[in-house]
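Understanding the architecture of this molecule
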Amino acid sequence: MSRRSCYLFILTLGSALATSCAGGGSKRSPSPVVPTSIQVTPESPTVLLGKTQQLAATVRFSDGSTQTSPSGLTWASSNTTIATVSGTGLVTAVAPGSVTINVTFSGISGGTPAKVETILATLDRSASLSGPDANNNGVRDDIDQVIGGLGLSPAQTQAALQYAAALQVAMLTTTDSNSGFNNAVEIQRGQDCMAQQMGLGYTKYSRQIRAFTFNTQARVMAYINFEHNIGGTVFPQITGTICK
């Protein structure tokens, strides 16, 4: 082999070695940062009916960092008839009870969901049959609060108030079969109005309103007296204006 051909071979081999070394020196890509857990605060709030409570969610990531209420959170209530929650974590108390508020982020569920208790600010149990009625609308103030916290439309709210007022009148003014009959007609009118405005789901609201209206022994006995006075009565189909 000539000197010239040997020299070229050495240069070619050196070039190959340089290329090999350059490839071996590449760096590995860093691991992606992903969410690992979610903490909801406050954990056990108590919310008055008709009122709201803002929840926050703190997301912890695989690199140890955290973010509070980042965009992309999905909130959900375990029972929307007790409390609802908006897309920003704002809880609204609808009815008395207990509910769990969950949140998810990128497929990760909240490890500590909020346990929300919804209660009445005040529940009148005074000796008075009528109870307080500050706005003189014919409905006891705490029943006003219950209805106001149901999350109904204005027309549905008015229908519920009509029904509640009819119950109140029946409890207070039924003295004989004639007054009992007239009061029963108004109660039925209120129920029909609720059905017209709410559909078949109205019964869950009417039951709740009735239970809170007759919430003491004296009020229960007054309602029993009303039912006694209408016992055996045949009622005609409601005609005329249903919703007042």
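Source: prediction; values computed, not measured.

The next point concerns the pattern of salt bridges. Using the criterion set out here, one finds four salt bridges in the structure. Ionic pairing is found between D142 and R140, a salt bridge with its closest N-O pair at 2.8 Å. Here D142 falls in the buried class, since its relative accessible area comes to 4%. Note on R140: relative accessible area 0%, which makes it buried.

Another aspect to go through is the environment of V146. Checked against the element boundaries, V146 lands in helix 2 (residues 141–148). Linking V146 and L49, residues 97 residues apart in sequence, is a C-alpha distance of 6.6 Å.

To continue, consider the confidence of the model for the protein chain. Low-pLDDT portions of the prediction should not be read for the details of their coordinates. Predicted confidence across the protein chain gives a mean pLDDT of 83, with 85% of residues reaching 70 or more. When pLDDT is averaged over each helix and strand of the protein chain, the minimum, 45, is found for helix 1 (residues 3–24) and the maximum, 97, for helix 3 (residues 154–173). In the model, residues 1–22 has pLDDT below 50 throughout and makes one contact with residues more than four positions away in sequence or in other chains.

Quick look at the pairing of strand 8 (residues 90–93) now. Here strand 8 shows a clear split, with V91 and A93 buried on one side and none of L90 and T92 buried on the other. Two elements, strand 3 (residues 52–54) and strand 8, share three bridges in a ladder whose sense is antiparallel. Residue pairing across strands places T52 opposite T92, the latter belonging to strand 8. Across three bridges, strand 7 (residues 83–85) lies against strand 8 in antiparallel orientation. Bridge pairing in strand 8 links A83 to A93.

This part takes up the packing of aromatic side chains. In this structure the tally under the stated criterion is three aromatic pairs. Judged by centre distance (6.3 Å) and plane angle (90 degrees), the rings of F61 and F105 are edge-to-face. Taken together, the residues span a long stretch of sequence, with F61 in strand 4 (residues 56–61) and F105 in strand 9 (residues 97–105) at a distance of 44 residues. Neither F61 nor F105 differs from the other in exposure class; each is buried. Measuring from ring centre to ring centre gives 5.5 Å for Y223 and F226, while their planes differ by 35 degrees; the resulting arrangement is tilted. Here Y223 and its partner F226 are both found in helix 6 (residues 217–229), three residues apart, which amounts to about one turn of the helix. Classification of Y223 by relative accessible area gives buried; the value is 17%.

Definitions and cut-offs
Residues numbered from 1 in each chain as written. Predicted model: local features only at pLDDT ≥ 70, side-chain atom pairs only at ≥ 80, totals over all residues. Heavy atoms only, no water. Salt bridge = Lys/Arg side-chain N within 4 Å of Asp/Glu carboxyl O. Buried < 20%, exposed > 50% of the residue type's maximum accessible area, 1.4 Å probe, protein only. Helix = DSSP H or I, 4+ residues; strand = E, 2+ residues; numbered from the N terminus. pLDDT = per-residue confidence, 0-100. Contact = heavy atoms within 4.5 Å. Pairing = 2+ DSSP bridges. Phe/Tyr/Trp six-rings, centres within 6.5 Å; stacked < 30°, edge-to-face > 60°.

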